[in-house]
Each structure stands twice: as C-alpha cells, then as structure tokens.
Amino acid sequence: MKKFLSLFAATLLFFAFSVHAQTIPIETKNNAIILHVNSDGYVSMVYFGKKLDDKNEYQLIPAAQNLDEGNLYSSAYTTAGTRNVLEPAIAVTQADGNKSLDLKFVNQSVTRLSDDVSQTSIHLKDPIYAVEVTLHYKVYAAEDVIEQWSEINNLEKKDITLNKYASANLYLQAKNFYLKQYHGEWAKEMRPEEEKLTHGIKTLDSKLGSRADLLQPPSFIVSIDKPANEDEGDVMIGNLEWSGNYRIDFEVDPTDNLRLIAGINNYASDYKLPSGAIFETPKLVYTLSHHGKGEASRNLQDWARKYQLIDGEGPRLTLLNNWESTFFSFDENKLAEILKDTKKLGVDLFLLDDGWFANKYPRNDDHAGLGDWQVNHAKLPNGVGNLVKEAEKNGVKFGIWVEPEMVNPKSELYENHPDWVVKQPKRGDYMMRNQLVLDLSNPKVQDFVFGVIDELFAKNPNLAYIKWDCNSVIYNAYSAYEKDQSNFYVDYVNGLYKVMDRMRQKYPKVPMMLCSGGGGRVDYGALHYFTEYWPSDNTEPRERVYIQWEYSYLYPALASSNHVTNWGKEPLKYRVDVAMMGKLGFDIVVGKLSPNDLLFSQQAVMNYKDFSEAIWHGNQYRLQSPWDNDVASIVYVDTLKSRAIVFNYLISQRFDAGSHSPVKLKGLDPAKQYAIKEINLYPGTKSGIKEGTFSGDFLMTIGINPEVHDDRASVVLSVEERK
Ligand code: DGJ
C-alpha cells in the first residue's frame, strides 16, 4: 500500500511538472522578451530584442539560438543548491535546513491594465518544497519600458530564510557588452565610467543602508554589441526601484552572453520569511532602444512622467530657498525680507530650509535639535503658520525643509526614545554629520515620522511644498525592534515606503523634493513618492552641467531641482542658464543683486515660465556632450514640435574655446519653419547669433551656431514655429 501511495505521488508529481514546451512572448511597441518553457518545466529567457513581425516565429527562437542544453545560463530566475552552480537569482534555506530550491513552470497569466499597460506573470514552484515564485513583467508598451519583479511565497509550515532574492534575472545575447555606470560622493554625484564587460561578474552595489546611492546609484546603461552613442546603437537603461542596499551583477558567461541579476543586496540580509508570507521584491525598471542612449533615456523619461513621479504630467513651482543665503542663522524679520524678495524675483514659492525647529537643543548648527520638530520660539515666535500667512500676503507659496528619519543625540527625541535609534547596543556611536538614523523598521517610529509631516500640514494646511532631506548613511546597523537582525536593512526601506505611502494617501499631490545631502538617494523607488529630486549640493555651474547631463539619462528634466547659488566664479547669467535646464530655483540673496542682475533674473524667470511646457513635458535631445566638446548643448522640444528651447554652455577653458561650427538641432519637424531668437540676454547686451527663420530640415541638417565664446559663455535660443 505504502509503495502504491508513493508511486501515486510520483505520478502526480510527473503530471504536475510534465509540461508542454512553449514560448511566452512579452512585447512592447518595438521589443520582445521571449521566455521559453522546456519540457522539464524550466523557464529561460531566450530573447530580448526587436520584436518580430510574425508572432508565430517566436517559437522558432529557442532552436535557432542554440542555447546551452539545460537552459542554465539563460534561466529566467536562477535557483541555488540544485544542478545550477552559477550565480543565483534566488537562494533559500528551507525550514529543515536544506539549501536547495528548484523552480518549475506551473502557469502564466496576462492581465491587461490599460491600453498601454499589461502584466505577464509566470508562476513557478518547487516540486519538493512548498515554495512558489511568481515572476512579474509589467509592460508599458508605448514607452518600450518594462518593470520586472518577483514574489516569493512560503507555503511551508515553518519559516524559511531567503539568502538571495533578486528582482530580475535577464539574459542578453550579443558579441560584446559595454557597461556605463556611475560613481560619486558628496558633491561629486553621477560621474560616469564606461567599459567593455569581460568574462566573470561585475557588481554594482551599495551597503550604505539609507542614503544608499551616495557612492554609486542603482542605475546602469548597457550597450549591446558596440558602444552606443546618442542616436545609434542598441542600448538598455535600467534602474532598481529600491532606496536601500542593492546589488546588480553583470556576468558575461562562458557562452559570451550577459546574465544580469538585479535586486536587493543580500549582504547581512538573510531574510526570514514566515510560513504563509509572501516576499515581494522591488521592481527593476528598464528600457531597450535600437536608436542610442538618447531614445532610451526619452523612453524612461516618458514613463517616469506618466507612471512613476508624483504629478509627472503636471506643473512645477519655481522657488527661492534660503539655505545658502542664511544657513541656520535667520529670524522672522530676515525671513520677511526674503519673502518680499521671493515676490520680487517672480518665483512661485519660498522654501524655508534647515534650522527652524527645536527648543531645548535649538537647531543652530548641525550638532543639535534634529528630531525635535517643534518650531524654535526664539527664531520664529509666531510659528510657521505666521510665515505661511506672510507668504500669502506677498502672493507666493510657502514650503519647508524636514529630515524626519534622523536624530541628533543632542535632542529630546533621543533622550526620550533611545531605542528608536539604529545603533549597536554595546559599541560606541559612529556618526555622519553628527546624527543617527531612526529605526524605520519599528512601526512606532513609522508613526512618528508620518506624524512629523502630518502635523505640519494639520497646523499649516496651506503649506505648499516639502523638501525631505536624509544626510546620514547607516553605520552600526542594529535595531532594538527587530527579532532577527538579518531582516533589518530590508524592513528599514519597507518602513520608509510605508510612511511615504501613508503620506501620499493623505497628501497625494503636494510637491516634495527628494533630497539626500545632495543626490544620495535618487532612484525610482523613492521617486515614486516625490515630484522632484536634488541632484547634488554642488551647484558650481560647470560642474552642474555634467551632473545634470548624466542624471538626464535616467530622469526627466522637470524632476531635477536646479538652484542658482553663489558657488563658482561664473556670472549670474551662466548660473541661471544652467539651472533652467531642469526645474528652476534660486538660493541667493536677492537683496544683494545688482539692478542688472535682478532685472536679468526676473526676465529669465519669465522666459522659463514661457518655455516650461517644452522643458517639463517635451522631448529632450542632448546635442553636444560636455565631455568631448568645448560647448555643451541640449534642446527641449514641445510635443507639438512647435516650440523649443536650446541651452548652450561653454565648458572648455582653453584658448579660443567656443562654438566654431553650427550645432545641429534634433526633434523638430523638418517641414516646419522656425524662427530662431536669442533669449535670456543680459541687460545691455545684444544677440550674437544670426537670427532668422529656417526650416526644421535646415536646423537639423546644417544647424545654427549659438556663437558661444568666452565673452558669451552661455547662450539660450528660442525656436518658434512660424505659421
Ligand atoms: C543638505 C541639503 O543637500 C542642503 O540643500 C540643505 O538642505 C542642508 N542639508 C540642510 O541641512
């Protein structure tokens, strides 16, 4: 009888997993991912590239590709502990201590979410252990963008441990792969490097916990076969939507193809998954273009505006910030003056930065007060509410800075809740900017952080903007709340997202800047809750051209908060022209501007508003890179191709550097006639270009010389359709 039962069970298993070989196409407007299920039930990714005209031919791909017999290299989600000995996407310690997982195809489903968006889900399951995985591919067809993630379901009776749990495991087939990645530090964000990938594994990762992108963001650009340029070449751009530790492996395998495994970093994070629980990984978002990095970046920018950013298709507020003009030293009178200046400048909003809070340990420098979010009575005796009213009287809006995830040991919050702080119980503190990180894995801390924002809005319903800062990484990772320290890094970020989710449910559209002591946390996970980000504290305008240029490969211009400050030696015009490349703001003492500087700034704000539709919602084309030209040029064309704005910046400091030949525009309608004019002229100066009317064809084939030279270091051109 026993023998019969086991034979019966074996037969059931056989039927459960004897599947028909099949191909599963996942198509966007121009591309297709082809998954293949072999007769053993193993799923592999046999193709990612241009889609075929005849869908029936997809099933011919596996045989034509001549992939490895057992589909190991090309596995759609490589498991650990069985016949696979490659870098896994998933590794599990079963409840009985066994270290193996085997995943076989069960079924697939396709859900149509809108005309543009659909989701393919591939359901896999281990034949022995009750562990199931679903691979999700969410397709944004028109944008050629895919978001991919996985769900791991523990149906065992006991807890299991996830030793690795990637979001996506991709397989790209080509002769060569070139990886463009970014590294950085404070004020040195987004420095690119590009290299040919060689055999073995190249890893991009972070172990910083919070502010995790400080040294390296979870972004990558992979050129396929040959290095892509702006308009030519096959290229994939990707970003992991996760604001904590991440790990992205690029492995050129023995068959010369590329295995790409991206997800949360499993460093110190063997995640305990309780019986019955589902672990959902963050999403990897990526796009593939066959027309270079330019098109690929526009795909992502379109997707971000439409689907990921808060109010990505809406307007943005120009602003005056007081950080660099006052630092911590201000009072009500000083702010009243700045509020008048905000109006005078013509921007929409005044943003009050750090230093407005804490009483027992006043926030007069960065050593104290963080965590105590009560208004400082000495500086602001009439409260924030009075400032909001003052702003309204001046016809401008009011915004405020917070850093609610952090705490100075010199604060009442720390005195009252030492157990809310991430720190080693038996070791000394180690701090970045004299502060520690609050333990967002703890629901009470989540309530506190949400409460900081909620109370600000409760007391000041007309508050129009928040700048959310985050200045420290996590040292000495230890949570007094977590039962299992291995869950901390993951739960921290999920705790942060829970707070953000609550905030956005209650305040869905309030503009908020994602700041992290510069660009320490710019990723699409966090940006799902924000309208814009702060690219860097480095606002020296030449530096800034490079920084903004590189961010533009990933993020749309309306999300890039660009402030005019006093960094560097460039004239105000240059600094303003550079800041206009994204979302314009100022952080200068308006009262100290010369009459001409003030007039110039006021006119520039008006020009910016006039062209904001093209900058915010149009198409961006990088024309000449700052890396290999004297002059960097970029154009934004509105969606009707009727207006455009071209920014040109002198980068080289060499003798006779300048624009010695025309810059070819892009994105215009060749058949339309366009009038070209120089705008943002400094008072008293005349245009240096040959203004006139040209066809789009002429402007894109021959171009226009912006006449950038050392005495005209930045030139802004307007392009207007003549009907
Ligand atoms: C770091 C930010 O990047 C700055 O813009 C400013 O807000 C300071 N923090 C305030 O402490």
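The sections below set out a description of the structure shown in this document. Small disclaimer: the values here were computed from a predicted structure and weren't measured. (Residues numbered from 1 in each chain as written. Predicted model: local features only at pLDDT ≥ 70, side-chain atom pairs only at ≥ 80, totals over all residues. Heavy atoms only, no water.)

**Here's the deal with the site of the ligand**
Where we set the bar: Whether a residue is near a molecule or strand depends on its heavy atoms: it is near if one of them lies within 4 Å of it. Any pair of nitrogen or oxygen atoms within 3.5 Å is treated as a polar contact; in protein, a donor-acceptor pairing is required on top of that, and neighbouring residues in sequence qualify only through side-chain atoms on both sides. Working definition of accessibility: Shrake-Rupley area with a 1.4 Å probe, residue cover restricted to the visible protein chains.
Among the 13 residues in the neighbourhood of the ligand, the closest are listed as Asp353, Asp354, Lys467, Asp469 and Asp537. Interatomic distance of 2.8 Å between a side-chain N/O atom of Asp353 and an oxygen atom of the ligand. Asp537 has a polar side-chain atom sitting 2.5 Å from an oxygen atom of the ligand. Here the ligand has 290 Å² of accessible area as a free molecule, and 97% of this is covered by the chains.

**Some details on the packing of helix α10 (residues 541–551) against helix α11 (residues 572–579)**
For any two helices packed against each other, one specifies the inter-axial angle together with the distance between the axes. Worth spelling out the cut-off: Interaxial angles span 0 to 180 degrees and are taken between N-to-C directions of axes, which are lines fitted to C-alpha atoms, for helices over the stretch in contact. Secondary structure follows DSSP: runs of H or I at least 4 residues long count as helices, runs of E at least 2 residues long count as strands, and numbering of each begins at the N terminus. When an angle is under 35 degrees it counts as roughly parallel; over 145 it counts as roughly antiparallel; between 65 and 115 it counts as roughly perpendicular; any other value is oblique. Put simply, a crossing is left-handed when the front helix is turned counterclockwise from the back one by less than a right angle, and right-handed when it is turned clockwise. Note on contacts: a residue pair qualifies if any of its non-hydrogen atoms lie within 4.5 Å across the two residues.
With their axes 10 Å apart at the nearest point, α10 and α11 run at an angle of 10° to one another. Considered as vectors, α10 and α11 are oriented roughly parallel to each other. Considering only the axes of α10 and α11, their crossing is left-handed. On the side of α10, the interface is formed by Pro541, Arg542, Arg544, Val545 and Gln548, while α11 contributes Tyr574, Arg575 and Val578.

**Quick look at the pairing of strand β21 (residues 349–352)**
Test applied: Accessibility here uses a 1.4 Å probe with only protein chains present; expressed as a share of the type maximum, an area under 20% marks a residue as buried, one over 50% as exposed, and anything in between as partly exposed. Strand pairing is assigned whenever DSSP identifies at least 2 bridges connecting the two strands. With the strands aimed away from the viewer, a crossover counts as right-handed if its path from the first strand over the helix to the second runs clockwise.
Residues of β21 alternate between two faces, with Leu349 and Leu351 on one and Phe350 and Leu352 on the opposite face, all of them buried. Of the strand pairs in this sheet, strand β20 (residues 319–321) and β21 are connected by three bridges, and their pairing is parallel. If you follow Leu319 over to β21, its bridge partner there is Leu349. Considered for its hand, the β-α-β crossover made up of β21, helix α6 (residues 383–393) and strand β22 (residues 397–402) is right-handed.

**Section: unusual backbone geometry**
One non-glycine residue with positive phi stands out, namely Asp311, at about 50°. Secondary-structure assignment places Asp311 in the loop between α3 (292–308) and β20. Its identity is not glycine, yet Asn434 carries a phi of approximately 60°, on the positive side. Tracing the backbone through its elements, the reader meets Asn434 in the loop between α7 (412–416) and β24 (436–437). Judged by its relative accessible area of 25%, Asn434 falls in the partly exposed class.

**Side note on the pairing of strand β29 (residues 583–586)**
Of the two faces of β29, both are covered, the one formed by Lys583 and Gly585 as well as the one formed by Leu584 and Phe586. Two strands pair when backbone bridges link them, and β20 and β29 are joined in this way by two bridges, in the parallel orientation. Looking across to β29, one finds that Leu319 is bridged to Gly585. Note on the crossover from strand β28 (residues 561–564) through α11 to β29: the handedness is right-handed.

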